[in-house]
Amino acid sequence: MSPVTVARQSLIGRRIPKLDAPEKASGQTRYIQDIDLPGQLHAKILRSSRLHARILSIDTAKAAALPGVHCVITAADVPEQRPIGVNKDQLPLKTDRVRSYRDEIAAVAAESPEIAEAALGLIEVTYEDLPPLVDPRLSKQPGAPILHDRAADNVAMTFTYQNGDVAEGEAESDFVVEDEFSLHYVTHCCMGVSGVIAEFEPSGNLTLYSNTQVPFLHKREFAELLGIDPGRIRIIQPPIGGGFGSKLDIYPFEPICIFLAKKTGRPVKLVFSREEEFLASPTRQPVILRLRSGARKDGTLTFRTVRTLHDNGAYTSWGATTPFVMMQTFSSLYRVPHCDYFTEAVYTNNPYAGSFRGYGNLQATFAVEQHMDKLAALVGMDPLDFRLKNAQEPGEVTPQGMHFKSCGFKDCLTIAARRSDYADKRRQYEAERRQPGTVKRGIGIASMLHVGGGAKIYPSDGCGTILKLDDFAHVTLITGASEIGQGSETVLAQLVCEELGVPLDAVTVVNNDTDITPWDVGVHASRTTFIAGNSAIGAARKAREKILLAAAKVTNLAAEQLDLRQGAIVRSEDGQLLMPLAKMLRSLHFSDKAELVITSHYYEPPSQHQDKEFKGDVSAAYAWATQVVELEVDTATGIVRLDKVTAAHDVGRVLNRLGIEGQIEGGIVMGQGYALTEDLLVEEGVCRNPNFRDYKLVTAPEIPEMDISFVETQDGEGPQGAKGVGEAPAICMAAAVANAIENATGVRITSLPFTPERVYRALRAIED
Amino acid sequence: MSLLREIRFTLNGVARQVSVPVTMTALAMLRDVLHLTGTKYGCGEGECGACTILVDGRSVNSCVMFAVDCDGRQVTTIEGIAADAQWQPLRESLVEHGGVQCGFCTPGMVVQASHVLSRDPHADRQAIKRGLEGNLCRCTGYKKIVDAVVAVADAGGKVAP
Ligand code: FES
Ligand code: FES
């Protein structure tokens with residue numbers, strides 16, 4: 001009988017369905033909204049009905065007397081509360097002053113959400129109005145209301161970055177363009193609204209069911225806020241109904257829920273309504289951006305001067321810090337010898353912005369890529385050639401300190417342009433502009449650079465892994481990395497399978513309980529595949545080594561001659577089956593030196609903290625992409641219809657083709673919404689459209705055809721060569737749409753979104 | 001607090017009898033009274049489709065339907081679709097085509113897609129997109145969801161168990 005041989009099977013690059021999809025498709029997945037603890041109470045928050053006012057009195061007596069109400073709290077009841085947020089400039093429950101309509105004044109815990117809601121209506125608050133400040137351009141004017149004593153000029157944050165000398169750059173320029181770009185409010189619209197459940201044990205230990213994207217950082221922050229030892233806090237993360245950056249900061253509802261749980265001694269659940277989600281969860285950072293750019297006659301970029309005004313809103317969350325990412329796009333997407341960047345984030349009584357997929361890069365790219373088209377036209381070059389001339393290449397270190405070890409930018413540009421027939425169509429559509437008919441076609445290109453190998457923002461950018469091999473060759477991967485719907489658990493399992501030669505269904509991923517999982521800095525900055533992936537590979541390789549060494553002893557072969565394939569130990573050279581992996585593990589398991597629990601970590605990726613001047617190689621790898629948009633503009637109505645998006649992404653390497661396509665398609669459509677339909681209308685500090693009827697998400701019939709290509713640059717540090725991709729696909733769209741509208745109509749629009757009204761008015765303005 | 005009314009209806013093939021406040025929505029009854037949490041709250045205003053159920057074979061946003069209006073009807077939720085072998089190809093197709101990310105919209109999508117396919121087992125891509133228009137998804141960009149339903153329609157819609 002000839003020996004059985006086993007072939008190597010790799011899951012890398014295949015189309016692997018998300019591990020938790022079957023459960024989700026049958027409605028069994030229990031999200032935070034679906035969890036109820038025995039004895040649980042329900043909480044609701046009373047928010048300010050004034051934009052800017054002094055609180056004169058709060059009377060909670062009637063609310064507290066309502067049958068079914070267990071507890072009503074105001075700031076006076078929680079003297080222990082501490083400021084939260086990026087600037088620590090707000091208390092969860094406001095004391096004597098409100099600064100926006102969303103401000104939290106009181107909270108109720110009751111037997112049911114309906115009773116809690118009814119109790120809110122019985123709380124009497126008297127206010128004394130203060131003068132409002134809703135226009136960020138007026139924040140620094142003399143006499144403007146001062147929102148926080150600590151910032152007498154209303155400036156929440158500033159960011160300055162410089163390289164070279166822009167005056168010199170300007171002197172060298174043959175062409176200079178300058179525009180003001182205005183970027184609007186949009187919000188995450190996670191389909192699952194925000195929620196949290198807090199429960200104290202009699203010992204004082206706190207369990208939080210939370211959708212946070214950064215459980216370990218929040219553990220520490222909650223501990224500070226509550227004045228308890230972080231070791232007493234356990235965060236359990238139920239499956240999340242969408243993240244996109246919205247759960248990266250602590251927002252007041254979380255500590256408020258904890259206070260109520262503490263006061264009542266009962267588990268307390270607090271879940272938003274959709275309206276509340278619109279009003280009281282973070283937005284994308286609105287920005288007024290002035291960009292001045294120059295080029296020489298030969299098409300070389302010379303300088304960029306950037307001034308941005310960030311409407312910080314009433315308090316500071318991550319939105320204010322988006323310049324970290326924005327300045328990278330200005331300084332380093334293309335080679336720019338001279339760059340001068342300045343951002344001022346100013347307080348107003350408006351909503352405040354958090355982090356949101358792309359983190360400032362949509363705003364920066366919108367400006368930069370429109371200027372690339374404008375300069376190309378002045379220089380007399382095709383926009384693609386102009387970009388290729390200035391694009392970064394592998395090996396470059398930018399003046400800001402970013403080192404592009406792998407860089408497929410030029411490939412992204414050429415592939416997206418070729419597949420969309422960009423150059424020919426652009427000329428053709430431009431020529432067609434003057435032909436009769438109201439419907440004009442246009443094509444536009446835009447590219448982006450984003451971190452793709454983590455981002456060294458916190459003291460560590462690491463992630464830990466625990467790998468457990470059981471006696472039946474089943475693997476449990478316990479990772480610090482959180483899953484927010486992006487498919488990280490599937491990719492991590494694939495990476496483990498690759499090392500251990502086990503089938504995918506032999507791997508269980510545990511990723512949602514801080515009492516069990518090792519430390520991780522959180523889901524953000526497109527870092528999970530890269531960082532947690534490398535961490536998981538580290539543990540799996542250790543396990544592999546251990547198994548092969550043990551197998552070598554039994555088989556009288558050297559470990560190097562052995563391989564793990566399809567759940568078996570085989571001879572590498574011919575794949576001859578030597579023994580099932582389960583058998584090997586079983587015998588190891590019951591030996592005295594088994595140690596089949598393996599720990600590993602990826603501390604630190606080879607990246608640097610930026611210095612005070614924001615210089616430094618902040619990520620271990622960088623992602624690149626080009627997207628080409630084809631659309632139609634009806635000049636009679638201003639309606640823009642997307643036909644096709646051709647995207648080329650440098651992703652290092654495709655690990656899960658199904659998952660990565662899903663990230664890119666979802667990102668493109670999110671970018672489409674940012675460009676065309678979504679607009680959180682904030683007027684005089686009031687959100688006018690806190691519902692899906694008036695806040696328009698893209699729907700199924702509106703999506704464009706999508707043609708997606710991958711540029712596989714095989715990053716040397718990436719897990720199996722991969723780079724992060726989560727944020728990248730949303731970034732280019734608005735810029736590409738702007739350029740396509742210009743191609744179609746000859747009109748360049750520098751404010752978002754491109755609603756029919758805005759487009760129509762812009763077209764008329766030109767005709768007048 | 002509010003007036004209670006007793007109703008009888010068929011829920012996922014099983015006769016049920018419950019007392020519900022007259023002001024309660026069908027969504028709240030399903031989730032909070034009957035503990036069927038597969039049907040999701042996404043907006044409460046009939047705008048997102050996360051709460052889609054079938055009532056007498058019609059798809060309905062359960063958040064804008066009164067619970068008492070279920071009286072005497074046949075109600076099917078995602079739990080019913082999940083237990084129905086007839087719709088196994090649809091669920092599997094969504095999984096295999098990558099139509100599920102965070103999954104919060106998925107139960108509503110599955111129920112709505114089953115409705116679209118029941119009406120027209122060979123529905124084409126345009127009809128499927130239109131049929132799913134009322135179901136919002138923030139994660140996938142819809143393409144893979146549509147692909148998944150198209151694949152089932154191409155195979156003849158309902159595939160016998
Ligand atoms: S929850 Fe019913 S349509 Fe949104
Ligand atoms: S998969 Fe997340 S909303 Fe559709």
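Residue numbers run consecutively from 1 along every chain, following the written order of its sequence. Chain labels run from A onward and ligand labels from 1 onward, assigned in the order the entries are written. The predicted nature of this model means local features are confined to residues of pLDDT at least 70 and side-chain atom pairs, given and counted, to a pLDDT of 80 or more, with totals for whole chains, interfaces and linings taken over all residues. Only hydrogens and water are set aside when side-chain values are computed; all heavy atoms of the structure are taken into account.

A. Focus on the overall build of chain A. Of the regular secondary structure elements, chain A holds 18 helices and 28 strands. A globule of 768 residues ought to have a C-alpha radius of gyration of about 27 Å, and chain A, at 27 Å, matches this closely. Whether two residues are in contact is decided by their heavy atoms: any pair within 4.5 Å suffices. Within chain A, contacts between residues at least 6 apart in sequence are counted, and of these 80% link residues at least 24 apart. Helix and strand labels come from DSSP, where a helix needs a run of H or I of at least four residues and a strand needs a run of E of at least two; each type is numbered from the N terminus. Computation of the radius of gyration draws on C-alpha atoms, with the globule rule given as 2.2 Å multiplied by the number of residues to the power 0.38.

B. The sheet that holds strand β21 (residues 568–571) of chain A, seen in detail. Residue and element names in this part refer to chain A. Strands are labelled as partners when DSSP assigns at least two bridges between them. The strand order β20-β21-β22 describes an open sheet built from 3 strands, whose pairing is antiparallel. The open sheet has two edge strands, β20 (562–565) and β22 (577–580), and neither has a second partner. Across the sheet, the axes of successive neighbouring strands diverge by a mean angle of 30°, strand direction being ignored. Looking at chain direction, β20 and β21 are connected through 4 bridges and run antiparallel. Working convention: axes come from line fits to C-alpha atoms, limited for helices to the stretch in contact. Angles between N-to-C directions cover 0 to 180 degrees.

C. Molecular detail of the sheet that holds strand β28 (residues 705–711) of chain A. All names here are of chain A. Taken together, 4 strands build an open sheet; the order of strands is β16-β24-β25-β28 and the sheet is mixed. Sheet topology places β16 (439–451) and β28 at the edges, where each strand pairs with a single neighbour. Between one strand axis and the next, the sheet turns through 15° on average, direction left out of account. Of the strand pairs in this sheet, β16 and strand β24 (residues 622–634) are connected by 13 bridges, and their pairing is antiparallel. Bridge pairing links His450 to Ala623 in β24. Against the sheet, helix α11 (residues 409–420) touches β16, β24, β25 (639–650) and β28, its axis set at about 25° to β24.

D. View of the nonpolar core. All names here are of chain A. Only buried residues count toward a nonpolar core. Its members are Ala, Val, Leu, Ile, Met, Phe, Trp, Tyr and Cys residues joined through side-chain atoms within 4.5 Å. Only protein chains enter the accessibility calculation, which uses a 1.4 Å probe; a residue is then buried when its area is under 20% of its type maximum, exposed when over 50%, and partly exposed in between. Of all hydrophobic cores here, the largest spans 155 residues; its most connected members are Phe330, Val737 and Phe754. Among residues more than four places away in sequence, those in contact with Phe754 are Phe366, Ala675, Leu676, Ala734, Val737, Ala738, Ile741, Ile749 and Val759. Of all hydrophobic cores here, the second largest spans 53 residues; its members include Leu469, Val496, Met584 and Ala621.

E. The arrangement of helix α1 (residues 26–33) of chain B in detail. Residue and element names in this part refer to chain B. Of all the 8 residues making up α1, 6 are buried; the element is thus mostly covered by neighbouring parts of the structure. Turning to α1, its buried residues number three or more, namely Ala26, Leu27, Ala28, Met29, Leu30 and Arg31. Its buried side turned inward, α1 meets β1 (4–11), β2 (14–21) and β3 (52–55). Looking one or two places after α1, you find His35, whose phi comes out positive at around 60°.

F. Here's a closer look at the interface of chain A and chain B. On the side of chain B, 41 residues touch chain A, which itself brings 51 residues to the contact. A 1.4 Å probe defines the accessible area here, and the buried area is the portion of it lost by two parts on being joined, summed over both. Taking both sides of the interface into account, the surface hidden between chain A and chain B amounts to around 3,700 Å²; carbon and sulfur atoms contribute 62%. Area buried by chain A at its contact with chain B is led by Ala25, Met191 and Ala700 of chain A, which between them contribute 17% of it. Take a side-chain nitrogen of Lys or Arg and a carboxyl oxygen of Asp or Glu: if they are within 4 Å of each other, that pair is a salt bridge. Across the chain A-chain B interface, the total number found is 6 salt bridges. What qualifies as a polar contact is a pair of N or O atoms within 3.5 Å, subject to a donor-acceptor requirement within protein and to the restriction that residues adjacent in sequence count only when both atoms come from side chains. In this assembly, chain A and chain B are joined by 20 residue pairs in polar contact (both at pLDDT 80 or more).

G. The arrangement of the packing of helix α8 (residues 323–332) of chain A against helix α9 (residues 361–379) of chain A in detail. Residue and element names in this part refer to chain A. Packing of α8 against α9 brings their axes to within 8 Å, and their N-to-C directions diverge by 25°. One way to sum up the angle between α8 and α9 is to call them roughly parallel. For the crossing formed where α8 meets α9, the hand is right-handed. Together, Val325, Met326, Thr329 and Phe330 of α8 and Asn361, Gln363, Ala364, Thr365, Ala367 and Val368 of α9 make up the contact between the two elements. Looking at the contact of α8 with α9, its residues break down into 6 nonpolar, 4 polar and no charged. By the definition adopted for this analysis, an angle is roughly parallel if under 35 degrees, roughly antiparallel if over 145, roughly perpendicular if from 65 to 115, and oblique otherwise. A crossing counts as left-handed when the near helix is turned anticlockwise from the far one by less than a right angle, and as right-handed when that turn is clockwise. Under the convention adopted here, Pro, Cys and the residues Ala, Val, Leu, Ile, Met, Phe, Trp and Tyr are nonpolar, Asp, Glu, Lys and Arg are charged, and Gly plus all remaining residues are polar.

H. Focus on the pattern of salt bridges. Residue and element names in this part refer to chain A. Enumeration according to the criterion identifies 64 salt bridges over all chains in this entry. Put simply, Arg47 and Glu276 hold a salt bridge, and the shortest N to O gap is 3.2 Å. Of this pair, Arg47 sits in strand β1 (residues 41–47) while Glu276 is found in helix α7 (residues 274–280), placing the two residues 229 residues apart along the sequence. Here Lys644 ties to Glu705 by a salt bridge, and the two come within 4.0 Å at their closest N and O atoms. Of this pair, Lys644 sits in strand β25 while Glu705 sits in strand β28, and the two are 61 residues apart along the sequence. In this structure Lys644 comes out as buried when scored by relative accessible area, which is 17%. It is possible to trace a salt-bridge network through shared partners that takes in Arg137, Glu170, Glu178, Glu180, Arg290 and Arg292.

I. Region of the structure containing the environment of Ile639 of chain A. Relative to the helices and strands, Ile639 of chain A resides in strand β25. As for Ile639 of chain A and Arg758 of chain A, which are separated by 119 residues in sequence, their C-alpha atoms are 9.5 Å apart.

J. Here's a closer look at the domain arrangement of chain A. All names here are of chain A. Where a domain begins and ends is set by an automatic assignment or by a domain database. The domains assigned to chain A are domain 1 (21–28 + 462–603), domain 2 (40–130 + 193–240 + 247–280) and domain 3 (283–455 + 610–767). Contacts between domain 1 and domain 3 engage 18 residues on the former and 22 residues on the latter. Here domain 1 packs against domain 3, burying approximately 1,300 Å² in sum over the two surfaces, 59% of which is carbon and sulfur. On the domain 1 side of the interface with domain 3, the three residues burying the most area are Ala525, Ser526 and Phe530, jointly 43% of the side's total. Where domain 1 touches domain 3, the interface holds 0 salt bridges. Elements supplying a minimum of two residues to the side of domain 1 that touches domain 3: α13 (488–500) and α14 (528–555). Broken down by element, the side of domain 1 that touches domain 3 gets its largest block of residues, 7 residues, from α14. Split by residue class, the side of domain 1 that touches domain 3 holds 7 nonpolar, 7 polar and 4 charged.

K. Local environment of unusual backbone geometry. Residue and element names in this part refer to chain A. At the junction of Tyr603 and Glu604, the peptide bond is cis and its omega measures out at 0° in the coordinates. Structurally, Glu604 is set in the loop between β23 (597–601) and β24. Of note, the bond from Leu752 into Pro753 is cis; its omega dihedral lies within 30 degrees of zero at -10°. Residue placement: Pro753 occurs in the loop between α17 (733–745) and α18 (756–767). In this structure, Gln720 is a non-glycine residue whose phi angle is positive, near 55°. Position of Gln720 relative to the elements: it lies in the loop between β28 and α17.

L. Representation of the environment of Lys44 of chain A within the structure. Residue and element names in this part refer to chain A. Topologically, Lys44 is positioned in strand β1. Sequence separation between Lys44 and Ser10 is 34 residues, and the spatial gap between their C-alpha atoms is 50 Å. Discounting residues that sit within four places of it in the chain, Lys44 has contacts with Ala106, Ala107, Val108, Pro113, Ala116, Glu117, Leu120 and Val271.

M. Here's a closer look at the side chain of Glu630 of chain A. Residues and elements named next belong to chain A. With respect to the secondary-structure elements, Glu630 resides in strand β24. The exposure class assigned to Glu630 is buried, which follows from its relative accessible area of 8%. Reaching out from Glu630, the side chain makes a polar contact with the side chain of Lys425 at a distance of 2.8 Å. Excluding residues within four positions of it along the chain, Glu630 makes contact with Ser420, Lys425, Tyr429, Gly442, Ile443, Arg641, Leu642, Asp643, Lys644 and Thr646.

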